[in-house]
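# Structural overview for review
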Amino acid sequence: MSVDLPPAIYEQAVSVALPSLDGIRGVDASYEHALAPSLLGLTGLAVLASGEARESATGDYTGARLGVGLELRWYWRAGHRAWLSRLAPNNLAGWFVGAEALVATDLVHDNADHRWLGTSLQLGGAAHVGYRIAPWRELTITPSVGVELGHDLDLAGRVPGYTTCYPTIGLDVGWLF
Amino acid sequence: MLKLATLWTVVLTACGSITTRDDVSYDDRYASDVLDVYFPPPASTPRPAVLVIHGGGWHDGIYRDSIASQAERLAEAGYVAINIEYRLVPSEGGQYPHAVQDCYCALAWTRANATALGIDPARVAGLGYSAGGHLVSMLGVDTDKDVQPDCAAGTTTPLAAVVSGAGPEDMAALPQVSSVTEFVGGTTSDVPALYTAASPLSHVAPGAPPYLFVDGNDDWFVNIDEQARPMQAALDAVGAETRFFEIPGGGHILNSGVDGASWELPLTSIETPEAADAIVDFLDHTIGPVPQ
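This write-up is about the structure you can find in this document. Every value quoted in this text rests on a predicted model; they were computed, and no experiment measured them.

When helices and strands are counted, chain B shows nine helices and nine strands. The C-alpha radius of gyration of chain B comes to 18 Å, within 12% of the 19 Å expected for a compact globule of 292 residues. Seen through its C-alpha atoms, chain B measures out along the principal axes to roughly 50 × 45 × 40 Å. Relative to its 292 residues, chain B shows a buried fraction of 63%. Long-range contacts, defined as pairs at least 24 residues apart, comprise 72% of the intrachain contacts of chain B with a sequence gap of at least 6. When the 12 positive and 37 negative side-chain charges of chain B are each reduced to one mean point, those points stand 10 Å apart.

What follows is the structure, encoded as C-alpha cells:
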C-alpha cells in the first residue's frame, strides 16, 4: 500500500562558487538558510553566509586571500514551482535577488626579497539577480549576474585606496537539505 | 610645450590632493597625441614619474580614460602620472611603428618638460595594460632608430622601469586577430620581419631596465607561457631585474574583485586588489622613493 508523502521542503543549502575554482587555487563556499515567513513578513527569504580562501598571487610572489560575505536573498516567486526543477513550491529555487556585504583581506609576500609587502583590506557590497534550478535530486545550479562595489584599503597606508564597480557573473553548484 | 594659460585644467579629486592638467598636446602634428598629467601635492624635490599607457588592441574605440583610475592612484601614491593617448588603428594611422613612436615622443616630451612637471627625468617608469603593456615594454628595450620619434621633443632613452600588465612581448605568438594584423601591417606570413621588429622580446639587450610583469595565468589572448615568461627569461639572461606577479585564474579582462565567488568584467590584472601592493612596491624600489 503506497502512502502519499508531502513534497519535501528544504530549508538549507550549501554551494560552491565555480569562479572561485578558476585556477584551482582556492574556493568560495556558502551556507544558506531559509528564514521563517513571520520574520520579515515575506515568503522566500533566506540568509546566506559565504567564506573564501584562495592563493591570490604566484610567480615571484605569494598572495593569500581570505574573505567572508553575508547576503540576504529573496526568492520572490517561491510559491511557484521553479522551471527545470523537480522541487515542490516553497523551496530555495527559482528567481531570486540578493544584497550582500563583503569583507576580504590580502597578504602579499615578495619571494625574491623575502619580505612581506603588506596587507590590504577590501570592503564591498554586491547586488545579485539569479535563477536557481534543481535538475536532479537536491543538486542545485545557480547562475547569477550582478553589480559589485568594492574599495581596497592598504593597512600600512602606502598604497592609495581604490574603488571598483563592475558587473559580475556568478555560477554556483550546490545541494539542498 | 606646456601652454599653461590655455591647457591647464585643474580638477580636484575627491580627496583634494591630486590636480590634473588635461588634453596637453605632446606632438602638434597629430590631434590624437595628447596626455593628461596627474600631480601629487607639490614637493621640495623632484618626484619620480610614471607614463601610463592604455590598452585596447592598438585599435580605436578604447582610449586613455580606460586607465585613468590607475593614473590617479599612482598620483595618490606620490608619483606624477602621465596618462597618454597615441595613434590607433585603423583610423588614426597607429600602425607599427607609429604607435611606438608616439609613446616615445610622449616620453621625450615628459623628460623635456621635467622642470615644469616637477619630476626627475632619470626616474620615469612606464605602466601599461594589454596593448599598453606591449608599448611600455617596447619603451623599455627598443632603442632602434626606427622607433625613435621625430617630434619636437626629439629622441630619448628607454624607461627607467617597466610595469607590463598582460603585455604582448612576442607579436608572432599572438592570435592573428584583426587588431594584431592591422597594427603590425599584415599576417605573420606577410610581414615576418615586422612581427620581429614590433616584439619587445627581440630587442632585449644588456642594460635593460627592471621589469614587473602582472599577468593572469588564464589569459586566452596574451598567453603568459608565450609572452611574459619568455620575456622574463630573456631579461634575466642579460642581468635585468625582473619580477613576475601571476594571478591564479586571472584572465585578460575577467578577474575576481572583492568577491572571489564571481567574475568581474571587465577587470584587468593590474586593477585587482592583490596586484596593487606589488606595483607600488616595485616602483618604490626602482624609481622611488617619493618625496613626502
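All names here are of chain B. For the pair helix α3 (residues 98–112) and helix α5 (residues 131–141), the least separation of the axes is 10 Å and the interaxial angle reads 65°. Here α3 is positioned roughly perpendicular relative to α5, judged by the angle of their axes. As for the relative orientation of α3 and α5, their crossing is right-handed in sense. Taken together, the residues of α5 that come into contact with α3 (itself represented by A99, V100, C103, Y104 and L107) are L135, M138 and L139.

Next up on the list: the state of the cysteines. All names here are of chain B. Per the counting criterion, the structure on display carries one disulfide over all chains. Between the sulfur atoms of C105 and its disulfide partner C151 the distance amounts to 2.0 Å. One quick way to see it: the torsion about the S-S bond of C105 and C151 is about 125°, and its sign makes the bridge right-handed. Here C105, found in helix α3, pairs with C151, found in the loop between α5 and β6 (161–165); they are 46 residues apart in sequence, far enough to count as distant. Both residues of the pair, C105 and C151, belong to the buried class. Of all cysteine sulfurs in the structure, the one in C105 sits closest to C103, which takes part in no disulfide; the separation is 9.8 Å. Look at C103 and you get buried, because its relative accessible area is 0%.

A separate point is the interface of chain A and chain B. One frequently used descriptor of interface size is the decrease in accessible area upon assembly of the parts. At the interface, 49 residues of chain A touch 40 residues of chain B. Surface buried jointly by chain A and chain B totals about 3800 Å² across both partners, of which 50% is contributed by carbon and sulfur atoms. Three residues, A:R158, A:Y162 and A:Y166, lead the burial of chain A against chain B; their summed loss comes to 17% of the area buried on that side. The interface formed by chain A and chain B includes five salt bridges. A salt bridge links A:D110 to B:R243; the nearest nitrogen and oxygen atoms lie 3.2 Å apart. Our enumeration of links across chain A and chain B arrives at 13 residue pairs in polar contact (both at pLDDT 80 or more). Put simply, the parts of the chain that give the side of chain A that touches chain B at least two residues each are β3 (45–59), β4 (61–74), β5 (94–110), β6 (115–136), β7 (139–154) and β8 (162–176) of chain A. Looking at chain direction, β8(A) and strand β9 (residues 262–264) of chain B are connected through three bridges and run antiparallel. Bridge pairing in β9(B) places A:T168 opposite B:E264.

Turning next to the pattern of salt bridges. Using the criterion set out here, one finds 23 salt bridges over all chains in the structure. Put simply, A:E52 and A:R65 hold a salt bridge, and the shortest N to O gap is 3.7 Å. Here the residue A:E52 occupies a position in strand β3, and A:R65 occupies one in strand β4, the gap between them amounting to 13 residues. Taken as a pair, A:E52 and A:R65 share a single burial class, namely buried. Between B:D120 and B:R123 there is a salt bridge; the shortest N-O distance is 3.0 Å. A relative accessible area of 22% places B:D120 in the partly exposed class. One connected set of salt bridges, linked through shared partners, spans A:E52, A:R54, A:R65, A:D106 and B:E274.

Of note, A:T58 is situated in strand β3. Residue class for A:T58 comes out buried when judged on its relative accessible area of 10%. Excluding its chain neighbours within four sequence positions, the residues that come into contact with A:T58 are A:R25, B:F244, B:F245, B:E246 and B:P248.

For the rest of this paragraph, the subject is the nonpolar core. Residues and elements named next belong to chain B. Ranked by size, the top nonpolar core spans 61 residues in total, and within it W58, I84, Y86, M171 and L235 carry the most contacts. Here this core takes nine residues from α3, the largest share from any one element. Residues contacting L235, with those up to four places away along its chain left out, are V141, V204, A208, Y211, F213, A240 and T242. Among the nonpolar cores identified, the runner-up in size contains 34 residues, and A125, I247, I270 and I279 belong to it.

What counts, and where the lines are drawn
Residues numbered from 1 in each chain as written. Chains lettered and ligands numbered in written order. Predicted model: local features only at pLDDT ≥ 70, side-chain atom pairs only at ≥ 80, totals over all residues. Heavy atoms only, no water. Helix = DSSP H or I, 4+ residues; strand = E, 2+ residues; numbered from the N terminus. Rg over C-alpha atoms; globule rule 2.2 N^0.38 Å. Buried < 20%, exposed > 50% of the residue type's maximum accessible area, 1.4 Å probe, protein only. Contact = heavy atoms within 4.5 Å. Lys, Arg positive; Asp, Glu negative; His and termini not counted. Charge placed at Lys NZ, Arg CZ, Asp CG, Glu CD. Axes fitted to C-alpha atoms, helices over the stretch in contact; angles between N-to-C directions. Parallel < 35°, antiparallel > 145°, perpendicular 65-115°, else oblique. Left-handed = near helix turned anticlockwise from the far one by under 90°. Disulfide = S-S within 2.5 Å. Buried area = accessible area lost by both parts, 1.4 Å probe. Salt bridge = Lys/Arg side-chain N within 4 Å of Asp/Glu carboxyl O. Polar contact = N/O pair within 3.5 Å; in protein donor to acceptor, adjacent residues only side chain to side chain. Pairing = 2+ DSSP bridges. Core = buried A, V, L, I, M, F, W, Y, C linked by side-chain atoms within 4.5 Å.

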